[in-house]
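# Commentary on secondary and tertiary structure
Now for the letters of each chain:
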Amino acid sequence: MALAFPCTFCSPLQQKTSPISRRYTPSIRRQATTCKFRIPVEISSPADRGSLAVPTHKVTVHDRQRGVVHEFEVPEDQYILHSAESQNINLPFACRHGCCTSCAVRVKSGELRQPQALGISAELKSQGYALLCVGFPTSDLEVETQDEDEVYWLQFGRYFARGPIERDDYALELAMGDE
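Note that the structure is predicted; figures quoted are calculated from it, not measured.

Reading the values: rules and limits
- Residues numbered from 1 in each chain as written.
- Predicted model: local features only at pLDDT ≥ 70, side-chain atom pairs only at ≥ 80, totals over all residues.
- Heavy atoms only, no water.
- Helix = DSSP H or I, 4+ residues; strand = E, 2+ residues; numbered from the N terminus.
- Buried < 20%, exposed > 50% of the residue type's maximum accessible area, 1.4 Å probe, protein only.
- Areas by Shrake-Rupley, 256 points an atom, 1.4 Å probe, with all protein chains shown as cover.
- Salt bridge = Lys/Arg side-chain N within 4 Å of Asp/Glu carboxyl O.
- Core = buried A, V, L, I, M, F, W, Y, C linked by side-chain atoms within 4.5 Å.
- Pairing = 2+ DSSP bridges.
- Axes fitted to C-alpha atoms, helices over the stretch in contact; angles between N-to-C directions.

Turning next to the overall build of the chain. Helix and strand counts for the chain stand at four helices and eleven strands. Here the chain holds 179 residues, and 27% of them are scored as buried. When the accessible surface of the chain is split by element, carbon and sulfur atoms take 53% of a total near 13000 Å².

Printed below as a string of structure tokens:
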């Protein structure tokens with residue numbers, strides 16, 4: 001079924017102004033448009049949404065923590081994590097905003113676009129790290145999940161410490177005693 005709507009070049013509103021006076025108040029009146037430019041619009045059912053011209057790509061995720069390999073299709077205009085979840089695939093995540101390193105992966109092959117990935121630096125991106133929660137595939141993609149602590153250390157460790165933090169049982173005992 002096709003519907004025809006007036007084009008955006010023909011406006012149904014016309015302004016009518018009175019002659020120059022101290023009080024300028026344009027009055028707007030509606031007119032019926034008899035536009036010769038009409039745009040056909042197809043109305044489709046929700047089942048036909050997959051027929052849009054958005055390319056999809058095969059994404060393969062090697063989940064090292066769980067020892068599982070997931071393969072699924074992701075449209076270029078959807079986040080990889082959201083698309084996986086909509087297909088009942090569980091992947092690691094925390095913030096969903098690209099600010100942490102819980103969903104960090106290392107790209108084995110393929111490319112993705114991640115403009116909002118604040119949780120990893122440009123240096124880590126150039127080394128092949130990416131975040132699934134804010135990543136859009138631009139080709140078929142194969143990635144491998146990473147240990148969150150390892151990626152966090154690569155990202156922030158050199159700024160906050162001289163080495164890994166050692167556990168301090170006495171401080172933990174003091175902190176737990178305050179509760």
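Next, the rest of the story.
The subject of this paragraph is the pattern of salt bridges. One pass over the structure, following the stated rule, counts three salt bridges. Here Lys58 makes a salt bridge to Glu71, at a shortest N to O gap of 3.7 Å. With a gap of 13 residues between them, Lys58 in strand S5 (residues 56-63) and Glu71 in strand S6 (residues 68-75) connect regions that are remote in the sequence. Of the charged contacts in the structure, one is a salt bridge between Glu85 and Arg96, with a shortest N-O distance of 2.8 Å. Placement of Glu85 in helix H1 (residues 80-86) and of Arg96 in the loop between H1 and strand S7 (104-109) is noted, with a sequence separation of eleven residues between them.

Counting 25 residues, the largest nonpolar core has Val59, Phe72, Ile80, Leu91, Ile120, Leu131 and Leu132 as the members making the most contacts within it. When contributions to this core are tallied by element, the ones reaching two or more residues are S5, S6, H1, S7, strand S9 (129-131) and strand S11 (141-145).

Strand order in this open sheet of five strands is S6-S5-S11-S7-S9, and the pairing throughout is mixed. The open sheet has two edge strands with one neighbour each: S6 and S9. When strand polarity is set aside, the average angle formed by the axes of neighbouring strands in this sheet is 35 degrees. Two elements, S7 and S11, share four bridges in a ladder whose sense is antiparallel. Pairing of Ser109 across the sheet is with Glu142, part of S11.

Once that is clear, we can look at the environment of Val59. On the secondary structure map, Val59 appears in strand S5. For Val59, a relative accessible area of 0% gives the class buried. For the pair Val59 and Glu71, spaced twelve residues apart in sequence, the C-alpha separation works out to 5.7 Å.

Further remarks concern the pairing of S5. With respect to burial, S5 is a largely interior element, six of its eight residues being buried. Where S5 lies against S6, eight bridges are found, and the strand directions are antiparallel. Within S6, the residue paired with Thr56 across the bridge is Pro75. Where S5 folds back onto S6 in an antiparallel hairpin, the turn is made up of four residues, including Gly67, whose phi is positive at roughly 70 degrees. Note: S5 against S11, four bridges, orientation parallel. By the bridge assignment, Thr60 is partnered in S11 with Glu142.

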